[in-house]
Amino acid sequence: MLTEDSCRFVNYNIRSHPVWPSPSAKQLLRWIEDNDIDGRLFASFDGGGSNGLILECQELNGILRFCRYWLDGRGSHCWAEDTRGLHHAFSIKGSAISWRE
């Protein structure tokens, strides 16, 4: 079973689409700064029709705080990147984290 301790993750990511009721890029940048989140925001154009923004945090807590604040604890799909550049999917609902194999 994959856990946060079984891999060395270098960042944690979540995709956000800046369409109401989601926050805009400007709101997210202000939230990152105001809350001292160690992270960055960048545009994502994956060619598969899933355009939006990606919030990349250096600590898992940044993604948890995003989900609690912006998503009101509703479920969300995320991924962690390890030192080899591989992505590991997980989901957050409330404060519960479920790693997927």
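Residues numbered from 1 in each chain as written. Predicted model: local features only at pLDDT ≥ 70, side-chain atom pairs only at ≥ 80, totals over all residues. Heavy atoms only, no water.

Visitor: Please clarify how the overall build of the protein chain should be interpreted in this entry.
Guide: Assigned secondary structure in the protein chain consists of two helices and six strands. For the protein chain, the sequential pattern of α-helices and β-strands runs β-α-β-β-α-β-β-β. Counting across all 101 residues of the protein chain, residues that qualify as buried make up 38%. Accessible surface computed for the protein chain: about 6300 Å², of which carbon and sulfur atoms make up 49%. (Helix = DSSP H or I, 4+ residues; strand = E, 2+ residues; numbered from the N terminus. Buried < 20%, exposed > 50% of the residue type's maximum accessible area, 1.4 Å probe, protein only. Areas by Shrake-Rupley, 256 points an atom, 1.4 Å probe, with all protein chains shown as cover.)

Visitor: Just to check I follow, could you spell out unusual backbone geometry for this structure?
Guide: In this structure, Asp36 takes a positive phi of about 50 degrees despite not being glycine. Under the relative-accessibility criterion, Asp36 is labelled exposed at 69%.

Visitor: I tried to follow the nonpolar core on my own but got confused; where do I start?
Guide: Soluble globular proteins tend to bury their nonpolar side chains together. Core analysis: the largest hydrophobic core is formed by 22 residues, its most contacted members being Tyr12, Ile14, Leu55, Ile63, Phe66 and Phe90. Put simply, the parts of the chain that give this core at least two residues each are strand 1 (9-16), helix 1 (25-34), strand 3 (51-57), helix 2 (60-70), strand 4 (76-82) and strand 5 (87-93). Top element by residues in this core is helix 2. It accounts for five residues. Not counting the four nearest positions on each side in its chain, Phe66 is found in contact with Ile14, Ser16, Leu28, Trp31, Leu55 and Leu71. (Core = buried A, V, L, I, M, F, W, Y, C linked by side-chain atoms within 4.5 Å. Contact = heavy atoms within 4.5 Å.)

Visitor: How should I be thinking about the environment of Asp36 in this particular structure?
Guide: With respect to the helices, strands and loops of the structure, Asp36 is situated in the loop between helix 1 and strand 2 (39-45). Between the C-alpha atom of Asp36 and that of Gly62, which follows or precedes it by 26 residues, the distance is 9.1 Å.

Visitor: How do you make sense of the packing of aromatic side chains when you look at a structure like this?
Guide: Aromatic rings considered in pairs are described by the distance between their centres and by the relative angle of their planes. Applying the stated criterion to the full structure yields seven aromatic pairs. Taking the centre distance of 6.5 Å and the plane angle of 80 degrees together, the rings of Tyr12 and Phe90 count as edge-to-face. Note that Tyr12 is positioned in strand 1 and Phe90 in strand 5, a separation of 78 residues in sequence. By relative accessible area, Tyr12 is classed as buried at 5%. Geometrically, the ring pair formed by Tyr69 and Trp70 is edge-to-face, given 4.9 Å between the ring centres and 80 degrees between the ring planes. Assessed through its relative accessible area of 55%, Tyr69 is described here as exposed. (Phe/Tyr/Trp six-rings, centres within 6.5 Å; stacked < 30°, edge-to-face > 60°.)

Visitor: Could you clarify how one ought to interpret the pairing of strand 6 (residues 96-99) in this entry?
Guide: Every other side chain in a regular strand lies on the same face of the sheet, so the side chains alternate between the two faces. For strand 5 and strand 6, the ladder comprises four bridges, and the chain directions are antiparallel. Looking at strand 6, one finds that Ile92 is bridged to Ile97. Once strand 5 ends, the chain turns through two residues before running back antiparallel as strand 6, passing Gly94 with a positive phi of about 65 degrees. (Pairing = 2+ DSSP bridges.)

Visitor: Which parts of the structure should I look at to understand the environment of Ser95?
Guide: Note that Ser95 resides in the loop between strand 5 and strand 6. With 30 residues separating them along the chain, Ser95 and Arg65 place their C-alpha atoms 9.2 Å apart. Each residue touching Ser95, except ones within four places of it in the same chain, is listed here: Leu64 and Arg68.

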